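What follows is the residue order along each chain.
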Amino acid sequence: MRKRLFNVGAILQGLSITFGFMFKKRPTIEYPSVKKQHAPRFHGLHELRRYGDAKERCIGCELCSSACPANAITVIGAENTPEDRKSPGERYAARYEIDELRCIFCGLCEEACPTDAIVLTPRFEMADYRRGSFIYSKDRLLVPPDAGVGAAPDDRPGGIPSDLGRVAEIKSTTDVEEGYSATHRGEILKTERRGLAG
Amino acid sequence: MEMSPGHFLLARLDDVARWAQSTSVWPLTMGLACCAIEMMTVTSPEYDIARLGSEVFRSSPRQADLMIVSGRVAQKMAPVVKRLYDQMADPKWVISMGACASSGGIFDNYAIVQGVDTIIPVDVYVPGCPPSPDGLLYAVNLIQQQIREGGRGGILARS
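*Asks:* Explain the overall build of chain B to me, please; I cannot follow it from the model alone.
*Replies:* Assigned secondary structure in chain B consists of five helices and four strands. Listing every helix and strand of chain B by position from the N terminus yields α-β-α-β-α-β-α-β-α. When burial is assessed residue by residue, chain B has 47% of its 159 residues classed as buried. Of the contacts made within chain B by residues no fewer than 6 positions apart, 79% connect residues no fewer than 24 positions apart. Counting every atom, chain B has about 7,400 Å² of accessible surface; 58% of that belongs to carbon and sulfur.

*Asks:* What exactly am I supposed to notice about the confidence of the model for chain A here?
*Replies:* For any part of a model where pLDDT is low, the fine detail of the predicted coordinates should not be relied upon. All names here are of chain A. In the predicted model, chain A carries a mean pLDDT of 75, and the fraction of residues at 70 or more is 74%. Mean pLDDT in chain A bottoms out at helix H5 (residues 167-171), which sits at 41, and peaks at helix H2 (residues 63-67), which reaches 92. Here residues 165-198 is a poorly scored stretch, pLDDT under 50, and it has 59 contacts once near neighbours within four places are set aside; other chains count.

*Asks:* In this structure, what is going on with the pattern of salt bridges? I would like to understand it.
*Replies:* For side chains of opposite charge, pairing can occur when their charged atoms come near one another. All names here are of chain B. Going through the model one piece at a time under the given rule, you end up with eleven salt bridges over all chains. The partner of Arg 18 in a salt bridge is Asp 14, and the shortest N-O contact between them spans 3.1 Å. With Arg 18 and Asp 14 both in helix H1 (residues 8-22) and four residues apart, this pair spans about one turn of that helix. With a relative accessible area of 24%, Arg 18 lands in the partly exposed category. By relative accessible area, Asp 14 is classed as partly exposed at 36%. Salt-bridge contacts for Asp 86 lead to Lys 82; the nearest nitrogen and oxygen are separated by 3.3 Å. Here Asp 86 and its partner Lys 82 are both found in helix H3 (residues 78-87), four residues apart, which amounts to about one turn of the helix. The exposure class of Lys 82 is partly exposed, given its relative accessible area of 35%.

*Asks:* Is there a simple way to explain the interface of chain B and chain A in this structure?
*Replies:* Counting residues at the interface gives 35 residues for chain B, matched by 27 residues for chain A. Between chain B and chain A lies a buried interface of about 2,700 Å² when both sides are counted; carbon and sulfur atoms form 57% of it. Inspection of the chain B/chain A interface yields three salt bridges. Across the pair Glu 30 of chain A and Arg 51 of chain B runs a salt bridge, and its minimum N-O distance is 3.5 Å. For the side of chain B that touches chain A, the secondary structure elements donating two or more residues are helix H4 (98-103), strand E4 (124-126) and helix H5 (133-148) of chain B. Among the elements that make up the side of chain B that touches chain A, the one with the highest residue count is H5 of chain B (nine residues).

*Asks:* Sorry, what's going on with the nonpolar core here?
*Replies:* Nonpolar side chains tend to gather and get buried jointly when the protein is soluble and globular. In this structure, Ile 95 and Leu 136 of chain B are the most contacted members of the largest nonpolar core, which totals 24 residues. Residue contributions to this core peak at seven residues, all from H5 of chain B. When sequence neighbours within four positions are dropped, the list of residues in contact with Leu 136 of chain B reads Met 39, Val 42, Ile 68, Ile 95, Met 97 and Val 126 of chain B. Grouped together as the second largest cluster of nonpolar side chains are 23 residues, Cys 68, Ala 70, Ala 117 and Met 126 of chain A included.

*Asks:* Even after reading the chapter, I still don't get a nonpolar patch on the surface, so can you show me in this structure?
*Replies:* Residue and element names in this part refer to chain A. Judged by side-chain polarity, Phe 19, Met 22 and Phe 23 come together as a nonpolar surface patch covering roughly 410 Å² of accessible area. You can see Met 22 is positioned in the loop between helix H1 (2-20) and strand E1 (46-48). When its relative accessible area of 60% is taken as the criterion, Met 22 is described as exposed.

*Asks:* Can you walk me through the environment of Arg 18 of chain B in this structure?
*Replies:* Distance in space between the C-alpha atoms of Arg 18 of chain B and Ser 54 of chain B is 15 Å, their sequence separation being 36 residues. In this view, Arg 18 of chain B contacts Ile 147, Arg 148, Glu 149 and Gly 150 of chain B; residues no more than four positions away in its chain are not counted.

*Asks:* So what exactly am I meant to see when it comes to the pairing of strand E2 (residues 66-70) of chain B here?
*Replies:* Each regular strand carries side chains that alternate between the two faces of the sheet. All names here are of chain B. Most of E2 sits inside the fold, with five of its five residues counted as buried. Across two bridges, the pairing between strand E1 (residues 27-28) and E2 is parallel. The partner of Pro 27 across the bridge, within E2, is Leu 66. The β-α-β motif built from E1, the intervening helix H2 (residues 35-41) and the parallel element E2 has left-handed crossover chirality. Judged from the five bridges that link them, E2 and strand E3 (residues 93-97) form a sheet pairing that is parallel. Bridge assignment links Ser 70 to a residue of E3, and that residue is Met 97.

Cut-off values and rules
- Residues numbered from 1 in each chain as written.
- Chains lettered and ligands numbered in written order.
- Predicted model: local features only at pLDDT ≥ 70, side-chain atom pairs only at ≥ 80, totals over all residues.
- Heavy atoms only, no water.
- Helix = DSSP H or I, 4+ residues; strand = E, 2+ residues; numbered from the N terminus.
- Buried < 20%, exposed > 50% of the residue type's maximum accessible area, 1.4 Å probe, protein only.
- Contact = heavy atoms within 4.5 Å.
- Areas by Shrake-Rupley, 256 points an atom, 1.4 Å probe, with all protein chains shown as cover.
- pLDDT = per-residue confidence, 0-100.
- Salt bridge = Lys/Arg side-chain N within 4 Å of Asp/Glu carboxyl O.
- Buried area = accessible area lost by both parts, 1.4 Å probe.
- Core = buried A, V, L, I, M, F, W, Y, C linked by side-chain atoms within 4.5 Å.
- Patch = residues over 30% accessible without salt bridge, like charges linked within 9 Å, V, L, I, M, F, W, Y side chains within 5 Å.
- Pairing = 2+ DSSP bridges.
- Right-handed = clockwise from strand over helix to strand, strands pointing away.

The structure is reproduced here in structure tokens:
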């Protein structure tokens, strides 16, 4: 009899540990409704940026394409004409395609880009049903015209971006405290039809 | 969809069955490479795939509904993957997780299958190297959505 009571004590002792977890904070992130706050330098879906005056940052130099270890980026450049200037500088990207299935999100394109045109956003929801939908071209990569950042360099050939070398300053548009919603990138991501994932 | 009164009960039963199926998608324990680490992380308390009813990773293909191909598929592993897929009972679904499983990734060489969809039909592709665990949760959500809409899995061709 005494031994049985002793066993009950052991069970209660064990269950007290289980019960104690009821008062601890739950670590679970209720994913579809609450999204995890990723690190500010999280490598997610790409984005092609513009200058403040809506000109494209990409100058079609193909450095991202040659830096890419997975050969996921295709850039076909074309010459700007004086009537229709797509980017400051001589050239722009007529076609810019990233195969997101082949991409390994290493960020080497971001590092190689001389004008900070291609960046990796915190967006992680990229899964899809069809293989063909993973070729992201300019219509899905390029931000809307009113979402440009930074002052464009002057129009002379050989003009350099005014914010060249201040990559860190531009990248800090991600606000860690507020989540995506407070960031410049997040504003673009919220209105999905305008820019990314169209 | 128009329904005659005689079909009412069967249609409702079908909805219930789909709901039950979509909330109990049991994955197969099949980690092939580093993506498997993220696949395991999905079962951790932080992401907790049990909320979606998929926490039971089955070790036998006979009891699994979902194959998460997590990692690069070597040419030598390809027959095994195919065999495991064939052993799974219908209906079955496949998630191709990560760049290597989906397209070969950076391993464009003789040893790696260039996309697991060359050997088995894939329902959802997840890009990333590896995808974040919540990226995989999103893919499981897509699978659930497909089941609720009546998809049987394995019907989407390579496109």
